[in-house]
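Structural characterization, general
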Amino acid sequence: MSAAMNQYLIPVEPYYYPSGNEVALFKAAYGLRMPMMLKGPTGCGKTRFVEYMAWKLGRPLITIACNEDMTASDLVGRYLLDASGTVWHDGPLTTAVRHGAICYLDEVVEARQDTTVIIHPLTDARRILPLEKKGEVLHAHPDFQLVVSYNPGYQSMTKDLKQSTKQRFGAIDFHYPDGGHEAEIVKHEARVDVETARTLVGIAHKSRALKGRGLEEGISTRMLIYAGALIRDGVAAVDACRLAMTRPITDDEALYKALDGFIEAHFA
């Protein structure tokens, strides 16, 4: 591994609480360098899982947050002017392909479909990345793996992944952990007592029951950790929950009242 890739190594073991056999499945998939798709709701631990697996496998991790303005050049690279003239600069995907990193495209469905098509040659037996502007065909490093994530329940049909893309990946489904596991995660990450963690998880479970009945998404594990950290640092529990958990997920006054009712019932 080149010294330039050391910046992409995960130096310390990330905290990850397995909920099933996902660690073993991903490790087996990496052994085949199989492209992987992580499917699940916002804030359920997909990114933390990738960080944990990159650490466990000892591989550098290059993460790309996808968005609708991202172009193929943003992924692959472009020619730029510098003191030496016009010089090619690898994009993050090309860097991962060239040096054998795990490349993680977070919320890949947010990228334009004409952009995501460029990953197709990397996700079959060819494992190549054509650099058309450079006139080069780059063969993937033996250690390269492509990983993508998305939230299938949140996307409209116009932004869903094409079948021609989906069928190039293995997939692992992620869900919010069960109550006991989620409380343990919140306790560890927010450094709060177990009773506070359990209370926060109880509020989240009630909010998730409202998904599709006014809420696009319920309160995520990530939001529980934020709320727990605020409580740990002295913010009143009700205020912390409103700030970190309920106000970000809706602008509807009726839902505010319902969610605030959950909070007040638990922290009365």
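Here the structure is shown first, and the text comes after it.
My aim in this report is to walk through the structure given alongside it, one point at a time.

Criteria and thresholds
- Residues numbered from 1 in each chain as written.
- Predicted model: local features only at pLDDT ≥ 70, side-chain atom pairs only at ≥ 80, totals over all residues.
- Heavy atoms only, no water.
- Helix = DSSP H or I, 4+ residues; strand = E, 2+ residues; numbered from the N terminus.
- Contact = heavy atoms within 4.5 Å.
- Areas by Shrake-Rupley, 256 points an atom, 1.4 Å probe, with all protein chains shown as cover.
- Lys, Arg positive; Asp, Glu negative; His and termini not counted.
- Charge placed at Lys NZ, Arg CZ, Asp CG, Glu CD.
- Axes fitted to C-alpha atoms, helices over the stretch in contact; angles between N-to-C directions.
- Parallel < 35°, antiparallel > 145°, perpendicular 65-115°, else oblique.
- Left-handed = near helix turned anticlockwise from the far one by under 90°.
- Buried < 20%, exposed > 50% of the residue type's maximum accessible area, 1.4 Å probe, protein only.
- Salt bridge = Lys/Arg side-chain N within 4 Å of Asp/Glu carboxyl O.
- Polar contact = N/O pair within 3.5 Å; in protein donor to acceptor, adjacent residues only side chain to side chain.
- Core = buried A, V, L, I, M, F, W, Y, C linked by side-chain atoms within 4.5 Å.
- Nonpolar A, V, L, I, M, F, W, Y, C, P; charged D, E, K, R; others polar.

1. A look at the overall build of the protein
Each helix and strand counted, the protein has 11 helices and nine strands in total. In terms of principal-axis extent, the alpha carbons of the protein reach across some 65 × 40 × 35 Å. For the protein, the proportion of contacts with a sequence separation of at least 24, taken over those separated by at least 6, is 71%. Counting only carbon and sulfur atoms, one obtains 53% of the accessible surface of the protein, whose full area is about 13,200 Å². Averaging the positions of the 30 positive and the 33 negative side-chain charges in the protein gives two centres separated by 4 Å.

2. Section: the packing of helix 10 (residues 237-246) against helix 11 (residues 253-267)
Running from amino to carboxyl end, helix 10 crosses helix 11 at an angle of 140°, the nearest separation of the two axes being 10 Å. In this view, helix 10 runs oblique relative to helix 11, as classed from their interaxial angle. Where helix 10 crosses over helix 11, the two elements pack in a sense that is right-handed. Of the residues in helix 11, those in contact with Ala-237, Val-238, Cys-241, Arg-242 and Thr-246 of helix 10 are Tyr-256, Leu-259, Asp-260, Ile-263, Glu-264 and Phe-267.

3. Details of the side chain of Lys-46
Note that Lys-46 resides in helix 2 (residues 46-57). Salt bridges are absent for the buried Lys-46, whose nearest opposite-charge side chain, Glu-107, sits at 4.2 Å. A distance of 3.0 Å separates the side chain of Lys-46 from the backbone oxygen of Gly-40, its partner in a polar contact.

4. Focus: the nonpolar core
Membership of the largest hydrophobic core comes to 30 residues, with the highest contact counts inside it found for Leu-93, Val-97, Cys-103, Leu-105, Leu-129, Phe-144 and Leu-146. Secondary-structure elements contributing two or more residues to this core are strand 2 (61-65), helix 3 (72-76), helix 4 (92-99), strand 5 (102-106), strand 6 (128-131) and strand 8 (145-150). Sequence-distant contacts of Cys-103, defined by excluding residues within four places in its chain, comprise Ile-62, Ile-64, Leu-93, Ala-96, Phe-144, Gln-145, Leu-146 and Val-147. Core analysis: the next-biggest nonpolar cluster, separate from the first, contains 21 residues, Ile-219, Met-223, Leu-224 and Cys-241 among them.

5. Overview of the packing of helix 9 (residues 221-232) against helix 10
Direction vectors running N to C along helix 9 and helix 10 enclose 145°, while the axes themselves pass 8 Å from each other. For the pair helix 9 and helix 10, the sense of crossing is right-handed. When helix 9 is examined against helix 10, the residues Met-223, Leu-224, Tyr-226, Ala-227, Leu-230 and Ile-231 are found in contact with a partner set consisting of Ala-237, Ala-240, Cys-241, Leu-243, Ala-244 and Met-245. Here the contact of helix 9 with helix 10 is built from residues that sort into 12 nonpolar, no polar and no charged.

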